[in-house]
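Reading the structure
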Amino acid sequence: MIQAPDQQAASERASNLPVGNPTAPVVTIDGPSGSGKGTLAVSLARRLNWRVLDSGALYRITALSASKQGVDLGHAAAVANIATTLDVSFLAGDQGQPLRVILGQQDITSEIRTEACGAMASTIAVYPEVRLALLQRQRAFQEAPGLVADGRDMGTVVFPNAQFKFYVTASAEVRAQRRYQQLKQQGEIVRLPHLLREIQKRDERDTQRAEAPLLPAEDALVIDTSELPALQVLDYVAEIVEKTLNQKP
Ligand SMILES: Nc1ncnc2c1ncn2[C@@H]1O[C@H](COP(=O)(O)OP(=O)(O)O)[C@@H](O)[C@H]1O
Ligand SMILES: Nc1ccn([C@H]2C[C@H](O)[C@@H](COP(=O)(O)OP(=O)(O)O)O2)c(=O)n1
């Protein structure tokens with residue numbers, strides 16, 4: 001395959017990243033914005049004592065980092081270059097707290113959680129070059145004793161052989177309401193109708209893109225969380241995973 005110089009440099013740098021352990025078990029959790037994937041992934045990982053991958057954070061960090069460096073978000077190769085060279089680490093937060101996200105020396109946990117950053121992330125996530133640049137970085141998270149990975153294409157593209165696949169969803173209205181409460185707690189003031197429109201726009205972009213669109217893997221179990229409290233979702237999923245793992249000789 002002949003690659004453009006930018007692309008070739010990017011894939012050479014990506015190949016220097018650590019590789020994961022392809023035999024470690026993986027739980028994938030995909031779904032649209034506000035469906036509860038992040039909450040479920042973190043609480044399940046904590047219960048199983050497994051690692052967690054918040055793949056959306058990688059897209060958010062790439063977008064934020066590109067915009068901070070003045071890179072044109074319309075320039076796919078330049079954004080992919082940022083994705084390849086990200087100096088990012090994730091630190092476990094306190095009980096019930098999200099993972100801390102560190103870019104270089106800076107804690108950008110709150111900065112990447114704004115709706116504006118989510119929208120930028122969704123915009124740059126349509127570029128195949130960016131997705132490719134982040135692929136190996138995501139697969140490197142697969143380590144013993146296991147990994148819980150959440151995002152849009154965890155079960156379809158990044159970990160197609162995962163042992164457990166879930167797709168969590170909820171109505172757009174319920175998701176907007178949840179996000180509204182969440183952002184309010186973080187001190188971000190947004191109007192609910194505006195948020196609902198933003199969520200619908202993001203759903204449209206994430207499901208309609210050509211590369212790795214948001215959709216349930218064929219072998220994923222779909223869970224509608226519209227009327228299920230988060231703890232009930234966790235108990236349901238954890239029971240399936242634990243039962244299967246305990247059946248093994
Ligand atoms: N099953 C649920 N029922 C009610 N609220 C939930 C549920 N799951 C998550 N939440 C809340 O909804 C908000 C969005 O959840 P989050 O896990 O961040 O969604 P996602 O990662 O899918 O965008 C958070 O404030 C979270 O506490
Ligand atoms: N595996 C992933 C994860 C996120 N993305 C893109 C598309 C999403 O709209 C943005 C932000 O994702 P993130 O999971 O952080 O957003 P939500 O918490 O669901 O609102 O990144 C993706 O394309 N593929």
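No experiment lies behind these values; they were computed from the predicted model shown.

The next point concerns the sheet that holds strand 8 (residues 221-224). Within the open sheet, the five strands sit side by side as 2-6-1-7-8. Their pairing is parallel. The open sheet terminates on both sides in strands that have one partner only, identified here as strand 2 (51-54) and strand 8. Mean inter-strand twist for the sheet, computed between neighbouring axes without regard to direction, equals 20°.

So, about the pairing of strand 2. The alternating pattern of strand 2 places Arg-51 and Leu-53 on one face and Val-52 and Asp-54 on the opposite face, and all of these are buried. Two strands pair when backbone bridges link them, and strand 2 and strand 6 (residues 147-151) are joined in this way by four bridges, in the parallel orientation. Counted as the bridge partner of Leu-53 is Ala-149 from strand 6.

Formed by 29 residues in total, the largest nonpolar core has its most connected members in Val-27, Ile-29, Leu-40, Ala-41, Leu-44, Val-148 and Ala-149. Within the residue set of this core, elements represented by two or more residues are strand 1 (26-30), helix 2 (37-48), strand 2, strand 6, helix 7 (154-158), strand 7 (164-169) and helix 10 (230-247). When residues no more than four places from it in sequence are discounted, the contact partners of Leu-40 are Ile-29, Val-168, Val-233, Leu-234 and Val-237. Core analysis: the second largest hydrophobic core is formed by 23 residues, Tyr-59, Ala-63, Ile-82 and Ala-125 among them.

Let us look at the site of ligand 2. As a structural note, the neighbourhood of ligand 2 is formed by 16 residues, with Ser-33, Gly-56, Ser-122, Ala-125 and Gly-151 the closest of them. Residue assignment for the shell around ligand 2 shows that the elements contributing at least two residues are helix 3 (55-68), helix 5 (115-124) and helix 9 (192-208). Looking at which element gives the most residues to the shell around ligand 2, the answer is helix 3, with five residues. Of the residues in the shell around ligand 2, the class split is four nonpolar, seven polar and five charged.

Attention now goes to the site of ligand 1. In the vicinity of ligand 1 there are 15 residues, among which Gly-36, Gly-38, Thr-39, Arg-178 and Gln-182 approach most closely. When contributions to the shell around ligand 1 are tallied by element, the ones reaching two or more residues are helix 2, helix 8 (172-185) and helix 10. Counting residues per element, the shell around ligand 1 draws most heavily on helix 2, at three residues.

Here we come to the UniProt feature "binding site: ATP" (unreviewed entry) in the protein chain. In this structure's numbering, the residues bearing the UniProt feature "binding site: ATP" (unreviewed entry) are Gly-31, Pro-32, Ser-33, Gly-34, Ser-35, Gly-36, Lys-37, Gly-38 and Thr-39. Mapped onto the elements of the fold, Gly-34 is located in the loop between strand 1 and helix 2. Every residue in contact with Gly-34, bar those within four places of it in the chain, is listed here: Arg-175, Ala-176, Arg-178, Arg-179 and Ile-199. Following the sequence through the fold, Ser-35 ends up in the loop between strand 1 and helix 2.

Model confidence for the protein chain is summarised by a mean pLDDT of 90, while 90% of its residues fall at 70 or above. The model gives residues 1-14 a pLDDT under 50, and that stretch makes 15 contacts with residues more than four places away or in other chains. Both scores are given for the predicted complex: the pTM is 0.92, the ipTM 0.98.

Attention now moves to the sheet that holds strand 4 (residues 100-103). Spatially, three strands are ordered 3-4-5 in an open sheet, and the strand pairing comes out antiparallel. In this open sheet, the two strands that pair with only one neighbour each are strand 3 (88-91) and strand 5 (106-107). Judged from the four bridges that link them, strand 3 and strand 4 form a sheet pairing that is antiparallel. Across the sheet, the residue bridging to Val-88 is Leu-103, located in strand 4.

Once that is clear, we can look at unusual backbone geometry. Cis geometry marks the peptide bond from Ala-144 to Pro-145; its omega dihedral reads 5°. The topology assignment puts Pro-145 in the loop between helix 6 (128-139) and strand 6. Positioned with a positive phi, Asn-49 is a non-glycine residue whose angle comes to about 65°. Residue position: Asn-49 is located in the loop between helix 2 and strand 2. Residue classification places Asn-49 among the exposed residues on the basis of 8 C-beta atoms within 10 Å.

Thresholds, definitions, all that
All residue numbers here refer to positions counted from 1 along the written sequence of the relevant chain. Chain letters start at A and ligand numbers start at 1, both assigned in the order the entries are written. Residue-level local features of this predicted model are given only where pLDDT is at least 70; pairs of side-chain atoms are given and counted only at 80 or more, and the full residue set underlies all totals for whole chains, interfaces and linings. DSSP bridges decide pairing: two strands pair if at least two such bridges lie between them. Going along the chain from the N terminus, every DSSP run of H or I of four or more residues is numbered as a helix, and every run of E of two or more is numbered as a strand. Fitting a line to C-alpha atoms yields each axis, with helices limited to the stretch in contact; the angle taken between N-to-C directions then spans 0 to 180 degrees. The exposure scheme places C-beta atoms from the backbone and then counts, for each residue, the other C-beta atoms within 10 Å of its own, assigning buried at 20 or more, exposed at 12 or fewer, and partly exposed in between. Here, a nonpolar core denotes buried Ala, Val, Leu, Ile, Met, Phe, Trp, Tyr and Cys residues that are linked to one another through C-beta atoms within 7 Å. What counts as a contact is two residues whose backbone-derived C-beta atoms lie within 7 Å of each other. Any residue whose C-beta atom, as placed from the backbone, lies within 6 Å of a molecule or strand is termed near it. Just so you know the grouping, Ala, Val, Leu, Ile, Met, Phe, Trp, Tyr, Cys and Pro go in nonpolar, Asp, Glu, Lys and Arg go in charged, and all remaining residues, Gly too, go in polar. UniProt positions are given in the numbering used here, feature names are shortened, and annotations may be inferred rather than shown by experiment. On a scale of 0 to 100, pLDDT captures the predictor's confidence in every residue.

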